[in-house]
Amino acid sequence: MATYVTLIKFTEQGVKKFKDTCKRAAEFQANAKKLGIEVKEQYWCMGAFDGVLILEALDDETATVGLLTLSSQDNVTTQTLRAFTATEIGKILTKTS
């Protein structure tokens, strides 16, 4: 499974409906699970971003479908980073010259 770190910002609509954020997060987690995405962690944050998700998915396409579905509800925008463990990056580095 590939690991992804997703940074979340509330949209204007998401801020107006902030009291529903935990409910929306639980719904996302349930919908993501149906796609084969495991939400490892969910955090709400102070600062430049309002939240962080740590996800595992079979591939980039699966992760993209889940996050596009989340963003399409207009409550959040996302920025997603593919993350690698030390073992994974070590395998990648063996392919460099």
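Given the structure is predicted, the values throughout are model-derived calculations rather than measurements.

1. Section: the overall build of the chain
Tallying secondary structure elements over the chain gives four helices and four strands in all. Reading the chain from its N terminus to its C terminus gives the helix and strand order β-α-α-β-β-α-β-α. Viewed in the frame of its principal axes, the chain has a C-alpha envelope of about 50 × 30 × 20 Å. Scored against the burial criterion, the 97 residues of the chain give a buried share of 30%. In the chain, the proportion of contacts linking residues at least 24 apart, taken out of those at least 6 apart, comes to 63%. Approximately 6,500 Å² of the chain is accessible, and the part contributed by carbon and sulfur atoms is 59%. Counting 12 positive and 12 negative side-chain charges, the chain places the centres of these two groups 3 Å from one another.

2. Section: the nonpolar core
Of all hydrophobic cores here, the largest spans 14 residues; its most connected members are Y4, F28, V39, L53, L55, L67 and L70. For this core, the secondary-structure elements that each account for two or more residues are β1 (2-10), α2 (21-35), β3 (51-57) and α3 (60-71). Contacts of V39, omitting those with residues within four sequence positions, involve F28, Q29, A32, L53, I54 and L55.

3. Focus on the state of the cysteines
Such a bond, covalent and formed between the sulfur atoms of two cysteines, is termed a disulfide. This model, assessed by the stated rule, comprises zero disulfides. Here C22 is not disulfide-linked; the sulfur of C45 is the nearest cysteine sulfur, at 13 Å. For C22, a relative accessible area of 52% translates into the label exposed.

4. Quick look at the sheet that holds β3
Across the sheet, four strands lie side by side as β2-β3-β1-β4; this open sheet has antiparallel pairing. Since the sheet does not close on itself, it has two edges, and those belong to β2 (38-44) and β4 (76-83), each with one partner. The average angle at which neighbouring strand axes cross in this sheet is 20°, direction not considered. Sheet topology places β1 next to β3; seven bridges connect them, and they run antiparallel. Bridge pairing in β3 places A2 opposite A57. Against the sheet, α2 touches β1, β2 and β3, its axis set at about 165° to β2.

Rules behind the numbers
Residues numbered from 1 in each chain as written. Predicted model: local features only at pLDDT ≥ 70, side-chain atom pairs only at ≥ 80, totals over all residues. Heavy atoms only, no water. Helix = DSSP H or I, 4+ residues; strand = E, 2+ residues; numbered from the N terminus. Buried < 20%, exposed > 50% of the residue type's maximum accessible area, 1.4 Å probe, protein only. Contact = heavy atoms within 4.5 Å. Areas by Shrake-Rupley, 256 points an atom, 1.4 Å probe, with all protein chains shown as cover. Lys, Arg positive; Asp, Glu negative; His and termini not counted. Charge placed at Lys NZ, Arg CZ, Asp CG, Glu CD. Core = buried A, V, L, I, M, F, W, Y, C linked by side-chain atoms within 4.5 Å. Disulfide = S-S within 2.5 Å. Pairing = 2+ DSSP bridges. Axes fitted to C-alpha atoms, helices over the stretch in contact; angles between N-to-C directions.

Honestly, that's just the spatial picture; any functional story needs more than this.
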